[in-house]
Amino acid sequence: MSTSTVTLTGWGRIAPSAAELAAPASDAEAAALLRQPRAAGGAVIPRGLGRSYNNAAQSAGGLVLSTGRLNRIISLDPATGVAVCEAGVSLEQLMVAGLPAGWFVPVSPGTRQVTIGGAIAADVHGKNHHVAGSFARHVLSFDLLAPDGESRTMTPDDELFWATAGGMGLTGFITRATVQLKRVETSLCKVDTVRTADIDETMALLAEHDSRYDYTVAWSDSLARGRGLGRSIITSGDFAALSDLPAAARSDPFEFDPRSRLGAPPVLPPGLINRYTVRLANAAWYRKAPRLREGELQTIGQFFHPLDAIRNWNRVYGPGGFRQYQYVVPFGAEPAVRRSFEMVSAHPAPSFVTVLKRFGEGDPGLLSFPAPGWTLALDFPARTPGLGPLLDQLDQLVVRNGGRVYLAKDSRVPAAVLEEMYPRLPEFRKLRAEVDPSGALASDLSRRLGL
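What counts and how
Residues numbered from 1 in each chain as written. Predicted model: local features only at pLDDT ≥ 70, side-chain atom pairs only at ≥ 80, totals over all residues. Heavy atoms only, no water. Helix = DSSP H or I, 4+ residues; strand = E, 2+ residues; numbered from the N terminus. Expected span 1.5 Å × (residues − 1). Buried < 20%, exposed > 50% of the residue type's maximum accessible area, 1.4 Å probe, protein only. Contact = heavy atoms within 4.5 Å. Pairing = 2+ DSSP bridges. Axes fitted to C-alpha atoms, helices over the stretch in contact; angles between N-to-C directions. Polar contact = N/O pair within 3.5 Å; in protein donor to acceptor, adjacent residues only side chain to side chain. Phe/Tyr/Trp six-rings, centres within 6.5 Å; stacked < 30°, edge-to-face > 60°. Lys NZ or Arg CZ within 6 Å of the ring centre and 35° of its normal. Parallel < 35°, antiparallel > 145°, perpendicular 65-115°, else oblique. Left-handed = near helix turned anticlockwise from the far one by under 90°. Nonpolar A, V, L, I, M, F, W, Y, C, P; charged D, E, K, R; others polar.

### Considerations on helix H10 (residues 387-400)
Next, step 1: Between its first and last C-alpha atoms H10 spans 20 Å; for 14 residues at 1.5 Å apiece the expected length is 20 Å, and the two agree.
Next, step 2: Along H10, the residues that are buried comprise Leu387, Leu390, Leu391, Leu394, Asp395, Leu397, Val398 and Val399.
Next, step 3: At its buried positions, H10 is contacted by strand E18 (322-330), helix H9 (334-346), strand E20 (373-381), strand E21 (404-405) and helix H11 (415-421).
Next, step 4: Among the residues trailing H10, Gly402 stands out with phi positive, at a value near 70°.

### Digging into the sheet that holds strand E5 (residues 73-76)
Next, step 1: Pairing in this open sheet of five strands is antiparallel, and the strands run E5-E6-E10-E8-E9 from one edge to the other. The two strands at the open ends of the sheet, each matched to only one other strand, are E5 and strand E9 (151-154). Each strand of the sheet is rotated relative to its neighbour by a mean of 10°, with strand direction disregarded.
Next, step 2: Sheet topology places E5 next to strand E6 (residues 82-86); three bridges connect them, and they run antiparallel.

### As for the side chain of Asp143
Next, step 1: Here Asp143 shows up in strand E8 (residues 139-145).
Next, step 2: Taking the relative accessible area as the measure of exposure, Asp143 reaches 15% and is therefore buried.
Next, step 3: Engagement of the side chain of Asp143 in a polar contact is seen with the side chain of Thr153, the distance being 2.8 Å.
Next, step 4: For Asp143, the contacting residues outside a window of four places in its chain are Ser151, Arg152, Thr153, Phe173, Ile174, Thr175 and Arg176.

### What to know about the packing of aromatic side chains
Next, step 1: A full pass over the atoms with the stated rule returns 18 aromatic pairs.
Next, step 2: Measuring from ring centre to ring centre gives 5.3 Å for Phe104 and Phe304, while their planes differ by 40°; the resulting arrangement is tilted. Of this pair, Phe104 sits in strand E7 (residues 103-104) while Phe304 is found in helix H8 (residues 300-304), placing the two residues 200 residues apart along the sequence.
Next, step 3: Judged by its relative accessible area of 5%, Phe304 falls in the buried class.
Next, step 4: Taken together, a centroid distance of 6.2 Å and an interplanar angle of 90° make the contact between Tyr215 and Phe303 edge-to-face. Here Tyr215, found in strand E13 (residues 215-220), pairs with Phe303, found in helix H8; they are 88 residues apart in sequence, far enough to count as distant. Considered together, Tyr215 and Phe303 belong to a single accessibility category, that of buried residues.
Next, step 5: Through a chain of ring-to-ring contacts, three or more aromatic side chains come together here, namely Trp11, Tyr53, Trp313, Tyr317 and Phe322.
Next, step 6: The ring of Trp374 carries the charged tip of Arg358 above its face, separated from the ring centre by 4.9 Å.
Next, step 7: The cationic tip of Lys409 hangs over the ring face of Tyr53; the distance from NZ or CZ to the ring centre is 5.4 Å.

### A word on the packing of helix H6 (residues 199-209) against H9
Next, step 1: Across the interface, H6 lies against H9 with an axial gap of 11 Å and an inter-helix angle of 135°. Looking at the two axes, H6 sits oblique to H9. H9 is crossed by H6, and the crossing has right-handed handedness. The segment H6 lies against H9, with Ile199, Asp200 and Met203 engaging Glu334, Val337, Arg338 and Phe341.
Next, step 2: Looking at the contact of H6 with H9 residue by residue, the classes come out as four nonpolar, no polar and three charged.

Pasting the structure below:
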């Protein structure tokens, strides 16, 4: 089939590279593309909707296999909530298909524009990790094309299943998956909002809310200092019961409108997001929030995916793009979380999208990111002065406290530092060498980190 030469980036719009792009419409076409001879050094990597923040779905000088045409929901059992999907089906598609029968995706990250294949490859997590774990826990099986084009069905009993979950597309090309969805009674969420005064109150309330809510997260003011360090807005909730809805809404309890209402302009001036504008925005957002509000009904978009309301919101950071930095450190390392807030606010590095939450038990994925502890995500304009040294210092803080960064978002951690963060990396490399002895699968990310 035909290919075209394209220049690709991740969602952060940094580190562009050129490759051949193909979009197979069947397993057979994908297998043929995997088998075809390639020039020396040319490698293959799968790509979904391009929502990894880095260059995990790019392969300079190689072949990128898009799942854009492998986007059919093959079946969805309305009685059991078991869905069989091709790898290019988005979480949004699955929501649209499942909600009328009372089924929602078991785990949703901050955007619904993620494919099933990508959700497995990054083993994505959401606001409910403390009760539901990450996405792979809810995958019953998937079909994986090996680099030689042969297809195998993987289940959680297979070692390769857990190398693929979190393996960033480096073990094969997922063609379809069977996923267990979550039963819900309505499409609305019943949400409580609390505004906290500082990092101590924020962490104490997040810990308390773990036992009270299925979903909880804190937006934090990363630039607040002194007594207000780590002040936050915590939103916690569960799917509403039918009886929670006003009478007028009960006739259509699963109403869901996924359309984006706004779009970011194609070109924005550089420097729009800086420490001054973010400090003002953070302060305004914090003051706008209620000290306490209980039982508010919010839509799926409002509660789970507020940024999806703006198409291409990543353009707001300007032509230089942005870097997201996300770490997890274990429970007991609370001083490290506090220290990271001190470091960012003292810099001051402008992060408006700053999210703090807690993880529950991780799964057996060799490179899966979540582990029991505290996770903090920060967004910075890539051209922030002094950002590199700040992130290097955060790396060392994370390593000293037994933590790690998220491979779906990392765009600059040194390979030697990653070795310290992921102790099971040698196991992953060994298994990868067994399933791909010729090194046919590789990405810009994997080359940088020696995955």
